[in-house]
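Coordinates in review
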Number of protein chains: 2
Amino acid sequence: MSVDSNHAELFENLRIELRSGCVVLAVLAELRREHYGYTLRKVLADSGIEIEENTLYPMLRRLEKQGLLQSEWREEDKRKKRFYHLSVSGKQILGDLFGEWDALHGALNRIRKGQTR
Amino acid sequence: MSVDSNHAELFENLRIELRSGCVVLAVLAELRREHYGYTLRKVLADSGIEIEENTLYPMLRRLEKQGLLQSEWREEDKRKKRFYHLSVSGKQILGDLFGEWDALHGALNRIRKGQTR
């Protein structure tokens, strides 16, 4: 493997690690209002958070199983779609996670500006 | 398992996922100046990013092996210590990761404020 491709692969791995926690936060936050998979994915992509279908759909099922989301099947435009929204428990956890996110953002900003010296 | 302990465990898992990518970013950013393990851990904790020793030390070895850090053993206060700092390759990746971080932060802010409607 060349130095350049090694560098690119390293960056990609670190980028995925940085994104993974944020993506769950974005999904929970956007589901304060109801979406089905397609519109959720589109809205998140338009906001700057791209998620593959094969990442998003298992994540939605997992978050529902954990009690953070609720869903129901409904017909829209003559097609049955599964609509998701945040549960009461999900709302609490979302608030706590945003608290954690703000703390992390503040800490990283201090470190980035070298205010730790 | 009670609902409360389940809720707490769920939050803890999501919190860890959110933190893990940020912690690597914090370590790389702080190592723009030289540190040995103890002072690095202290400075990061003071900034708001706590890392266990048994997380930090393997991470430093991994990042050095990947070429993002360089280290040297030196004597200080009559004890040999391993001092780490960011390599040239690490500096490039750090810049790219901060770019990614800024994009994620912007995206999450838009979603949080509901500007996706």
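Structure: see above.
Since the model is a prediction, treat every value here as computed from it, not as a measurement. (Residues numbered from 1 in each chain as written. Chains lettered and ligands numbered in written order. Predicted model: local features only at pLDDT ≥ 70, side-chain atom pairs only at ≥ 80, totals over all residues. Heavy atoms only, no water.)

1. Digging into the interface of chain B and chain A
If you look at the interface, chain B gives 46 residues, while chain A gives 46 residues. Where chain B abuts chain A, roughly 4700 Å² becomes buried across the two surfaces, and 67% of that area is made up of carbon and sulfur atoms. The salt bridge partner of Glu100(A) is Arg15(B), with a shortest N-O separation of 3.3 Å. At the junction of chain B with chain A, the criterion picks out 13 residue pairs in polar contact (both at pLDDT 80 or more). (Contact = heavy atoms within 4.5 Å. Buried area = accessible area lost by both parts, 1.4 Å probe. Salt bridge = Lys/Arg side-chain N within 4 Å of Asp/Glu carboxyl O. Polar contact = N/O pair within 3.5 Å; in protein donor to acceptor, adjacent residues only side chain to side chain.)

2. Brief notes about the relation of the copies chain B and chain A
Note on the identical chains: chain B maps onto chain A by a rotation of 180° and an axial translation of 0.0 Å, with an RMSD of 0.0 Å. Taken together, the turn and the small shift mark the pair as related by a two-fold rotation axis. When you check the interface residues of chain B against chain A, 100% turn up at the interface there too, and the contact is symmetric in its surfaces. (Least-squares fit on C-alpha atoms with pLDDT ≥ 70 in both.)

3. Things to note about the environment of Gln66(A)
Positionally, Gln66(A) belongs in the loop between helix 3 (53–65) and strand 2 (69–76). Separated by 16 residues in sequence, Gln66(A) and Arg82(A) place their C-alpha atoms 17 Å apart. (Helix = DSSP H or I, 4+ residues; strand = E, 2+ residues; numbered from the N terminus.)

4. Overview of the packing of aromatic side chains
Where two aromatic rings form a pair, the distance of their centres and the angle of their planes describe that pair. According to the stated counting rule, one finds three aromatic pairs over all chains in the structure shown. Note on Trp101(A) and Trp101(B): the rings are 4.9 Å apart at their centroids and 40° apart in plane angle, and the pair reads as tilted. Here Trp101(B) lies in helix 4 (residues 88–112) and Trp101(A) lies in helix 4 (residues 88–112), a pairing that spans two chains. With a centroid separation of 5.4 Å and an interplanar angle of 70°, the aromatic rings of Tyr36(B) and Phe83(B) are classed as edge-to-face. You can see Tyr36(B) sitting in strand 1 (residues 35–36) and its partner Phe83(B) sitting in strand 3 (residues 79–86), a full 47 residues away along the chain. With respect to class, Tyr36(B) is no different from Phe83(B); both count as buried. When the ring centre of Phe83(A) is taken as origin, the NZ or CZ atom of Arg74(A), which lies over that ring, is 4.2 Å away. (Phe/Tyr/Trp six-rings, centres within 6.5 Å; stacked < 30°, edge-to-face > 60°. Buried < 20%, exposed > 50% of the residue type's maximum accessible area, 1.4 Å probe, protein only. Lys NZ or Arg CZ within 6 Å of the ring centre and 35° of its normal.)

5. Here we look at the side chain of Lys81(B)
Residue and element names in this part refer to chain B. When you line up the elements, Lys81 lands in strand 3. Looking at Lys81, its side chain comes within polar contact range of the side chain of Glu76, at 3.1 Å. Discounting residues that sit within four places of it in the chain, Lys81 has contacts with Tyr36, Glu72, Trp73, Arg74 and Glu76.

6. Regarding helix 3 of chain A
Residues and elements named next belong to chain A. Across its 13 residues, helix 3 extends 18 Å between first and last C-alpha, which sits within 8% of the 18 Å expected from 1.5 Å per residue. Taken together, the buried positions of helix 3 are occupied by Leu56, Met59, Leu60 and Leu63. Seen end-on, helix 3 carries its buried residues on one side only, within an arc spanning 105°. What points out from helix 3, more than 90 degrees from its buried face, is the exposed set Asn54 and Lys65. The positive-phi residue at the C-terminal boundary of helix 3 is Gly67, with phi of around 85°. (Expected span 1.5 Å × (residues − 1). Arc of directions from axis to C-beta.)

7. Some remarks on the nonpolar core
Within the largest apolar cluster, 68 residues are counted, with the highest numbers of intra-cluster contacts made by Val27(A), Leu28(A), Ile49(A), Val27(B), Leu28(B) and Ile49(B). Setting aside residues no more than four positions away along its own chain, Ile49(A) makes contact with Val23(A), Ala26(A), Leu44(A), Leu104(B), Ala107(B) and Ile111(B). (Core = buried A, V, L, I, M, F, W, Y, C linked by side-chain atoms within 4.5 Å.)

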